[in-house]
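Residue-level listing of the chains:
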Amino acid sequence: SFYAIEMEHSDDLCVNYEIDNGAITGEKCWSSLHAFDNGRWYDDKSLELAVSNAQSLRIRCRVDGDDEKDDVLIDSVTVQGLEQ
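What you are looking at is a predicted structure, and each value in this text was computed from that prediction instead of being measured. (Residues numbered from 1 in each chain as written. Predicted model: local features only at pLDDT ≥ 70, side-chain atom pairs only at ≥ 80, totals over all residues. Heavy atoms only, no water.)

The next point concerns the side chain of Asp11. By the element assignment, Asp11 lies in the loop between β1 (2-5) and β2 (12-19). For the buried Asp11, which has no salt bridge, the nearest side chain bearing the opposite charge is Arg62, at an N-O separation of 10 Å. A distance of 3.4 Å separates a polar atom in the side chain of Asp11 from the backbone nitrogen of Asp66. Once you skip the residues sitting within four places of it in the chain, Asp11 turns out to touch Glu6, Trp30, Ser31, Ser32, Asp64, Gly65, Asp66 and Asp70. (Helix = DSSP H or I, 4+ residues; strand = E, 2+ residues; numbered from the N terminus. Buried < 20%, exposed > 50% of the residue type's maximum accessible area, 1.4 Å probe, protein only. Lys, Arg positive; Asp, Glu negative; His and termini not counted. Salt bridge = Lys/Arg side-chain N within 4 Å of Asp/Glu carboxyl O. Polar contact = N/O pair within 3.5 Å; in protein donor to acceptor, adjacent residues only side chain to side chain. Contact = heavy atoms within 4.5 Å.)

The following block contains the structure:
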């Protein structure tokens, strides 16, 4: 879950991921213009990856904003793996 503080409409909350030391990389961003508002907790954002036999996963949460006041508080992150 996360809580946005002073994010303008041009700002994004992004999750970068790297699987197996960079063999697969990607990014998912949510725009403050369309996906969320300031001053509210959100529990409904998710990112799903379809990967087989991965040995490692690195995740980075970041704000893509234009000033130092843009901020996002992160309360919880859940990572699940499914055995196939």
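This brings us to the nonpolar core. Grouped together as the largest cluster of nonpolar side chains are 9 residues: Phe2, Ala4, Met7, Leu13, Val15, Trp30, Phe36, Tyr42 and Val72. At the level of elements, β1 and β2 are the ones that each hand at least two residues to this core. Not counting the four nearest positions on each side in its chain, Val15 is found in contact with Gly26, Glu27, Lys28, Trp30, Leu47, Ile59, Arg60 and Cys61. (Core = buried A, V, L, I, M, F, W, Y, C linked by side-chain atoms within 4.5 Å.)

In this structure, the largest pocket spans a volume of roughly 1,200 Å³. At the level of secondary structure, the elements contributing two or more residues to the lining of the largest pocket comprise β2 and β5 (57-64). Of the residues belonging to the lining of the largest pocket, the class tally is 19 nonpolar, 11 polar and 5 charged. (1 Å grid on protein atoms, 1.4 Å probe; cavity = no way out; pocket = protein on both sides within 12 Å on 5 of 7 lines; lining within 4 Å. Points joined across faces, edges and corners; volume = space filled by probe spheres on them. Nonpolar A, V, L, I, M, F, W, Y, C, P; charged D, E, K, R; others polar.)

Attention shifts here to the pattern of salt bridges. Summed over the entire model, instances satisfying the criterion amount to 2 salt bridges. We note a salt bridge from Glu18 to Arg58, for which the minimum N-O separation is 3.9 Å. Of this pair, Glu18 sits in strand β2 while Arg58 sits in strand β5, and the two are 40 residues apart along the sequence. Assessed through its relative accessible area of 25%, Glu18 is described here as partly exposed. For Glu27, the salt bridge is made with Arg62, and the minimal N-O distance between the two is 2.3 Å. With Glu27 in strand β3 (residues 24-31) and Arg62 in strand β5, this residue pair connects regions lying 35 residues apart in the sequence.

What follows concerns the confidence of the model for the chain. If pLDDT is low for a region, its predicted coordinates should not be looked at in detail. The predicted model of the chain averages 89 in pLDDT, with 98% of residues at 70 or higher. Mean pLDDT values over the elements of the chain span from 92, in strand β6 (residues 71-74), up to 94, in β2. (pLDDT = per-residue confidence, 0-100.)

One pass over the structure, following the stated rule, counts 1 disulfide. With a sulfur-sulfur separation of 2.1 Å, Cys14 is cross-linked through a disulfide to Cys29. For the disulfide bridge between Cys14 and Cys29, the dihedral angle about the S-S bond is near 110 degrees, and by the sign convention the bridge is right-handed. Here Cys14, found in strand β2, pairs with Cys29, found in strand β3; they are 15 residues apart in sequence, far enough to count as distant. Its sulfur unpaired, Cys61 is 9.8 Å from the next cysteine sulfur, which belongs to Cys14. (Disulfide = S-S within 2.5 Å.)

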